[in-house]
Amino acid sequence: MRTLIKRILGDRLNIDWKIALITIVSTLLITADYYYSPTSGNHFDSILLFIVIPFGITVFIFKEKPSDYGFKVGDWKTGLLLTFLGLLVMTPIILFLGTRNNGMQGYYNISQDGLIWKKSLELLGWEYIFRGWILFGYARKYGSDSLWLQAVPFAVAHLGKPDIETLSTIFGGFAFGWVAWRTGSFLYSFLIHWFIASLIIIVSAGSFG
C-alpha cells in the first residue's frame, strides 16, 4: 500500500512555506483588488490590500521586520539619482504616448480630481506588494531571478489597460524591481511609477495642449 501511495504521490515536496504564502496571498489580493472594492476607493483599497495585509503577515506570521521586505529608506543617495534618471528618460516617452497614442489617450483621459494624493496612495500599495513584499520575499530563495518573477504578476495586473502599456510592463516591472533591488527599498520605484502614472493622465487629458 505504501509503495502504491508513493508511486502516486512521488517524492515528498520540499516547499518553502513563506514563499508559498507570499505567492498565494499576493495572488488573492491582486485578484480581489480587480473584482472587489472593500473601501469603495482604489487608493484606499491599495493601502489595505497591498500594504496593511502584507505588513501584518510579515510582523505577526513571519515574525520578521518590514524593513527586510524593502519597507525602509535604503540607499537614498543612489535612490534619488536613479529616480532623477528615471524621470529624465520617461518624460519624453510619456509626452509622446499621451499626445500621439489613441489607446493611451482614451484610457487615461479621466478626471484629475485628487490626482496627486489618490495616485500616490494607489501606487504606494502597488509598489510595496510587487517591489517590496514579493521581490524581497522571493529574493531570499531565488536571488536576482526574483526580479523577473515579480514582474510577471505585475504585467498580468495590467491586463485591460492599453496594449502598448501592458506589453511593456514585463520590462518596466523588471526595471522597477531593479531600482528596488539596487537601493534596498521600494520607495524609489514608487516615486518613478507615481510620476509616470500622474503625467500620463495629465497629458492624455490635454493639459499640455
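Figured I'd write up the structure that's included with this text. Since the structure is predicted, the reported quantities are computational estimates derived from the model, not experimental observations.

**Things to note about the overall build of the protein**
Link 1 in the chain: Counting its regular elements, the protein contains nine helices and zero strands.
Link 2 in the chain: Going residue by residue from the N terminus, the α and β elements of the protein occur as α-α-α-α-α-α-α-α-α.
Link 3 in the chain: Each of the three principal axes of the protein carries a C-alpha extent, and together these read 75 × 35 × 30 Å.
Link 4 in the chain: A total of 209 residues make up the protein; the buried ones form 41% of that total.

**Examining unusual backbone geometry**
Link 1 in the chain: Residues other than glycine seldom take positive phi values, yet serine 40 does so here, at roughly 65°.
Link 2 in the chain: Within the fold, serine 40 resides in the loop between α2 (17-35) and α3 (42-61).
Link 3 in the chain: For serine 40, a relative accessible area of 70% corresponds to the exposed category.
Link 4 in the chain: Look at lysine 63: it is not a glycine, yet its phi comes out positive at around 60°.
Link 5 in the chain: Looking at the element boundaries, lysine 63 is found in the loop between α3 and α4 (76-100).

**As for the pattern of salt bridges**
Link 1 in the chain: Enumeration over the complete set of coordinates arrives at six salt bridges.
Link 2 in the chain: One salt bridge in this structure joins arginine 140 and glutamate 64, with 2.1 Å as the shortest N-O distance. Of this pair, arginine 140 sits in helix α6 (residues 115-142) while glutamate 64 is found in the loop between α3 and α4, placing the two residues 76 residues apart along the sequence.
Link 3 in the chain: A relative accessible area of 14% places glutamate 64 in the buried class.
Link 4 in the chain: Ionic pairing is found between aspartate 68 and arginine 140, a salt bridge with its closest N-O pair at 4.0 Å. Placement of the pair is aspartate 68 in the loop between α3 and α4 and arginine 140 in helix α6, with a sequence separation of 72 residues.
Link 5 in the chain: Connected via shared salt-bridge partners are Lys18, Glu64, Asp68 and Arg140.

**Description of the packing of α6 against helix α8 (residues 163-183)**
Link 1 in the chain: As a packed pair, α6 and α8 sit with axes 10 Å apart at the nearest point and diverge in direction by 70°. Between α6 and α8, the angle falls in the class roughly perpendicular. For the crossing formed where α6 meets α8, the hand is right-handed. For the pair formed by α6 and α8, the contact residues are Glu127, Arg131, Leu135, Phe136 and Ala139 on the first element and Gly173, Phe176, Gly177, Ala180 and Trp181 on the second.
Link 2 in the chain: Each residue belonging to the contact of α6 with α8 can be placed in one class, and the counts come to six nonpolar, two polar and two charged.

**A look at a nonpolar patch on the surface**
Link 1 in the chain: Together, Leu81, Phe84, Leu85, Leu88, Val89 and Ile93 give the surface a local cluster of nonpolar side chains, amounting to about 570 Å² of exposed area.
Link 2 in the chain: With respect to the secondary-structure elements, phenylalanine 84 resides in helix α4.

**Considerations on the nonpolar core**
Generally speaking, a soluble globular protein has its nonpolar side chains buried in company with each other.
Link 1 in the chain: Within the largest apolar cluster, 38 residues are counted, with the highest numbers of intra-cluster contacts made by Ile22, Phe50, Ile129, Phe130, Trp133 and Ile200.
Link 2 in the chain: Looking at this core, the elements that each hand over two or more residues are α2, α3, α4, α5 (102-108), α6, α8 and α9 (187-204).
Link 3 in the chain: Beyond its immediate sequence surroundings of up to four residues, isoleucine 200 is in contact with Ile94, Leu97, Gly98, Met104 and Tyr108.

**A short note on α8**
Link 1 in the chain: Its 21 residues give α8 an end-to-end C-alpha distance of 30 Å, which sits within 8% of 30 Å, the value for a rise of 1.5 Å per residue.
Link 2 in the chain: The largest bend in α8 amounts to roughly 50° and is located at threonine 169.
Link 3 in the chain: Burial in α8 covers these residues: Glu165, Thr166, Thr169, Gly173, Phe176, Gly177, Val179, Ala180 and Thr183.
Link 4 in the chain: Residue glycine 184 follows α8 closely and has a positive phi angle near 80°.

**Remarks on the packing of aromatic side chains**
Aromatic rings considered in pairs are described by the distance between their centres and by the relative angle of their planes.
Link 1 in the chain: The final tally for this structure, using the stated rule, is 17 aromatic pairs.
Link 2 in the chain: Between tryptophan 17 and phenylalanine 62, the ring centres sit 5.5 Å apart and the planes meet at 75°, which makes this aromatic pair edge-to-face. Of the two residues, tryptophan 17 sits in helix α2 while phenylalanine 62 sits in the loop between α3 and α4, which places them 45 residues apart along the sequence.
Link 3 in the chain: Residue tryptophan 17 is classed as partly exposed on the basis of its relative accessible area, which comes to 48%.
Link 4 in the chain: Their ring planes at 65° and their centres at 5.3 Å tell us that tyrosine 128 and phenylalanine 186 sit as a pair that is edge-to-face. Taken together, the positions of tyrosine 128 in helix α6 and phenylalanine 186 in the loop between α8 and α9 put the pair 58 residues apart, joining distant regions of the chain.

Rules behind the numbers
- Residues numbered from 1 in each chain as written.
- Predicted model: local features only at pLDDT ≥ 70, side-chain atom pairs only at ≥ 80, totals over all residues.
- Heavy atoms only, no water.
- Helix = DSSP H or I, 4+ residues; strand = E, 2+ residues; numbered from the N terminus.
- Buried < 20%, exposed > 50% of the residue type's maximum accessible area, 1.4 Å probe, protein only.
- Salt bridge = Lys/Arg side-chain N within 4 Å of Asp/Glu carboxyl O.
- Axes fitted to C-alpha atoms, helices over the stretch in contact; angles between N-to-C directions.
- Parallel < 35°, antiparallel > 145°, perpendicular 65-115°, else oblique.
- Left-handed = near helix turned anticlockwise from the far one by under 90°.
- Contact = heavy atoms within 4.5 Å.
- Nonpolar A, V, L, I, M, F, W, Y, C, P; charged D, E, K, R; others polar.
- Patch = residues over 30% accessible without salt bridge, like charges linked within 9 Å, V, L, I, M, F, W, Y side chains within 5 Å.
- Areas by Shrake-Rupley, 256 points an atom, 1.4 Å probe, with all protein chains shown as cover.
- Core = buried A, V, L, I, M, F, W, Y, C linked by side-chain atoms within 4.5 Å.
- Expected span 1.5 Å × (residues − 1).
- Bend = angle between axes of the 7 residues up to and from the residue.
- Phe/Tyr/Trp six-rings, centres within 6.5 Å; stacked < 30°, edge-to-face > 60°.

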